[in-house]
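Listed below are the residues making up each chain.
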Number of protein chains: 2
Amino acid sequence: MTAVAPGALDGAVLVIGCGLIGTSVGLALRDHQVDVALVDALPGNVEMAVSRGAGRPASDDEQPQLVVVAVPPAAVADVVADALARWSEAVVTDVTSVKSSLQRRVDQSPGADRFAGGHPMAGSERSGPMAASAQLFEGRPWAVTPGPSTRPDALDAVVDLALHVGAVPIIMDAADHDRAVALVSHVPQVMSSLTAARLNDAEGNHLALSGAGLRDTTRIAASDSALWMDILGTNASDVKAVLERVRDDLDRVIGALDGDADELQRVLESGRRGSALIPGKHGSQAASVDVVHVQVADRPGELSRLMADTGESGVNIEDLRLDHDLGRPVGLAEISVAVGVGDSLVEALTSRGWTAYR
Amino acid sequence: MTAVAPGALDGAVLVIGCGLIGTSVGLALRDHQVDVALVDALPGNVEMAVSRGAGRPASDDEQPQLVVVAVPPAAVADVVADALARWSEAVVTDVTSVKSSLQRRVDQSPGADRFAGGHPMAGSERSGPMAASAQLFEGRPWAVTPGPSTRPDALDAVVDLALHVGAVPIIMDAADHDRAVALVSHVPQVMSSLTAARLNDAEGNHLALSGAGLRDTTRIAASDSALWMDILGTNASDVKAVLERVRDDLDRVIGALDGDADELQRVLESGRRGSALIPGKHGSQAASVDVVHVQVADRPGELSRLMADTGESGVNIEDLRLDHDLGRPVGLAEISVAVGVGDSLVEALTSRGWTAYR
């Protein structure tokens, strides 16, 4: 995370590719009165993005200060090289989720010193300009990956872009980025798919025993396979390196199930330590919380009443999850609050008629 | 799931072991005026459970109708055998999370026809009688596992116990149960630990790119290692069988990263299909939902206002998650609603001043 304040984007920003990300960038920049020009291989996408208020159609003689390449991954390298050649003064960036291979291509292009890659860690289950939102990047990490020859002003311009759209710029080189996303995104995706794939073996009523842990670990397995084929293929060597270490641990666990308790404990403890490293609220290390469970009837207005009663007790909610129980017209809200205030929240809610417990 | 209505538990229920589960069973049964007698190796635990209202201390000449053995897993088999021998008219059940090995022990005991195992799929990050709650089992699955010689009236008594405490009894034999929990609970736990363990390899600021997917897949990796060592050890062969199939798929993925796209797609698609099999709301197959994102300031009362405005728009919330964004005093609420009403909720919330988008 960086403490850089947003600088000026006082020239035009040209967004190439009016999909979810490109159009969202346009919408967010327009909120700051930045001049945004839009182009897309499909003229209909430009029309839609313009109608959403994401900017104006690009003219034939644009002279952008910054070019944001937001085209599908397969086309990015060519479009970036073209942009660097065509606009010899402009800074160029992109938004794809794997950075090293692109950087290697750019390093061989004239103008590589005006390029810094980018990767907003934001997405949606939807795509296209109609799904775009000025708030898509709000508070989300935006990796900015300068190359070996990137000029400081080019890096600044891409950091400014991230800050303008409300994201948190995180500067790292392309190779670091790709190892990082292998670890925090690509491998967890594979692990979720591997876990969920086994559910196809379930017999009879076995899945009736499913609980929140299974739902959490397999949620992202529902993601689009084609998209992930592309991402995993592009970051294959970093993903493979992590998966090979996973396989080593998995072999240890399988072996340990025949009796070597120490090896099993080593892997479980390693997982505990690893999970504690994930940054939590406000970018701090994950803090422990008190979890309060409250029963909530499954009808409009009940959660509202619960939140009102929680607010009146003066407790701030760190996190909230709602699970619908199996076969009952009642849900279970899990309210996370600061350590030490769980019991008083239970008391406050119970006195207001809620069924609450820890 | 079964449609059995709760029958009578008109005799005394003896709960052996006044920890979280035993005391919660007592509290829930007392809500239905069932006579509950309590015993524990530690007299202090009985005192605490009695003070919570979970029942009365057992007398020396109890003649229970039903004995619920809720002692630590290592002691269960002996305590069940003792109970079957000592109370020759009583039905005996337990609450441990692995059933086959216990059933094999019971099958060699006199009185095996009066035993049916049980496994409430409920827990808490806390333990002991003070953490107990009459609502712990509300709406949760409670596996009931009759043995080969279990009498119908013994099975009925254990099903009645589950119904009385508000759980959803799911009847399966012990071997089925153990294969089911390997799939839906034990293997996801190992996968979560394996994923989280790799985070210990993270360099520098790499974990700053962490997102919701990583937090979901690694949440249960923070669980108590000693508890899981015990569970995985007791269900070793079923867990191992599933993990070996996971390893086959993992090998396929690692191999496919060198270029065999079809194999990679096969595993990802299998994961997608598997994740769709998990029962969702009200025990039905998981339904697709519209997800609406809303920015919520990080202060008491804001969620309350959001829930009130959502309620007024007449929309029922299927699920709700709250994520705090990195480095910002703002959280992002993810509200899941029925397919087709997402856009109108965005409109209703936007008109009330919220920053909402899909």
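Remember, predicted model here, so these are calculated numbers, not experimental data. (Residues numbered from 1 in each chain as written. Chains lettered and ligands numbered in written order. Predicted model: local features only at pLDDT ≥ 70, side-chain atom pairs only at ≥ 80, totals over all residues. Heavy atoms only, no water.)

### Quick notes on the sheet that holds strand β5 (residues 91-94) of chain A
Residues and elements named next belong to chain A. Taken together, five strands build an open sheet; the order of strands is β3-β2-β1-β4-β5 and the sheet is parallel. The sheet is open, and its two edges are formed by β3 (56-57) and β5, each paired on a single side. Sitting on the sheet, helix α5 (residues 152-164) is in contact with β4 (66-69) and β5, with an inclination near 50° to β5. (Pairing = 2+ DSSP bridges. Helix = DSSP H or I, 4+ residues; strand = E, 2+ residues; numbered from the N terminus. Contact = heavy atoms within 4.5 Å. Axes fitted to C-alpha atoms, helices over the stretch in contact; angles between N-to-C directions.)

### Regarding the domain arrangement of chain A
Residue and element names in this part refer to chain A. Entries for chain A in the domain assignment read domain 1 (13-172), domain 2 (179-201 + 212-276) and domain 3 (289-357). For domain 1 and domain 2, the distance between their C-alpha centroids amounts to 32 Å. With seven residues of domain 1 at the interface, the matching set in domain 2 holds seven residues. Of the roughly 500 Å² buried between domain 1 and domain 2, counting both surfaces, carbon and sulfur atoms make up 70%. (Domains from an automatic or database assignment. Buried area = accessible area lost by both parts, 1.4 Å probe.)

### What about the side chain of Asn 45 of chain B?
All names here are of chain B. On the secondary structure map, Asn 45 appears in helix α2 (residues 43-52). Side chain to side chain, Asn 45 and Asp 40 meet in a polar contact 3.4 Å long. Excluding anything up to four places from it in sequence, Asn 45 contacts Cys 18, Asp 40 and Pro 129. (Polar contact = N/O pair within 3.5 Å; in protein donor to acceptor, adjacent residues only side chain to side chain.)

### Section: the nonpolar core
Counting residues in hydrophobic clusters, the biggest one holds 74 residues, and the most contacted among them are Leu 194, Leu 209 and Leu 243 of chain A together with Leu 194, Leu 209 and Leu 243 of chain B. Setting aside its immediate chain neighbours within four residues, Leu 243 of chain B contacts Leu 250, Val 253, Ile 254 and Leu 257 of chain A together with Val 187 and Val 190 of chain B. (Core = buried A, V, L, I, M, F, W, Y, C linked by side-chain atoms within 4.5 Å. Buried < 20%, exposed > 50% of the residue type's maximum accessible area, 1.4 Å probe, protein only.)

### Comments concerning the environment of Gly 301 of chain A
Residue and element names in this part refer to chain A. You can see Gly 301 is positioned in the loop between β9 (289-297) and α11 (302-312). Of the residues examined, Gly 301 reaches a relative accessible area of 34% and is grouped as partly exposed. For the pair Gly 301 and Ser 24, spaced 277 residues apart in sequence, the C-alpha to C-alpha distance is 32 Å.

### Regarding the pairing of strand β8 (residues 168-171) of chain B
It is a general feature of regular strands that their side chains alternate between the two faces of the sheet. All names here are of chain B. Two strands pair when backbone bridges link them, and strand β7 (residues 141-146) and β8 are joined in this way by four bridges, in the parallel orientation. Following the sheet pairing, Pro 141 is matched in β8 by Val 168. Crossover handedness for the path β7 to helix α5 (residues 152-164) to β8: right-handed. (Right-handed = clockwise from strand over helix to strand, strands pointing away.)

### Some thoughts on helix α12 (residues 342-351) of chain B
Residue and element names in this part refer to chain B. Three or more residues of α12 are buried, namely Gly 342, Leu 345, Val 346, Ala 348 and Leu 349. The buried residues of α12 occupy an angular sector of 165° when projected down its axis, which confines them to one face. Opposite the buried face of α12, at more than 90 degrees from it, the exposed residues are Glu 347 and Ser 351. (Arc of directions from axis to C-beta.)

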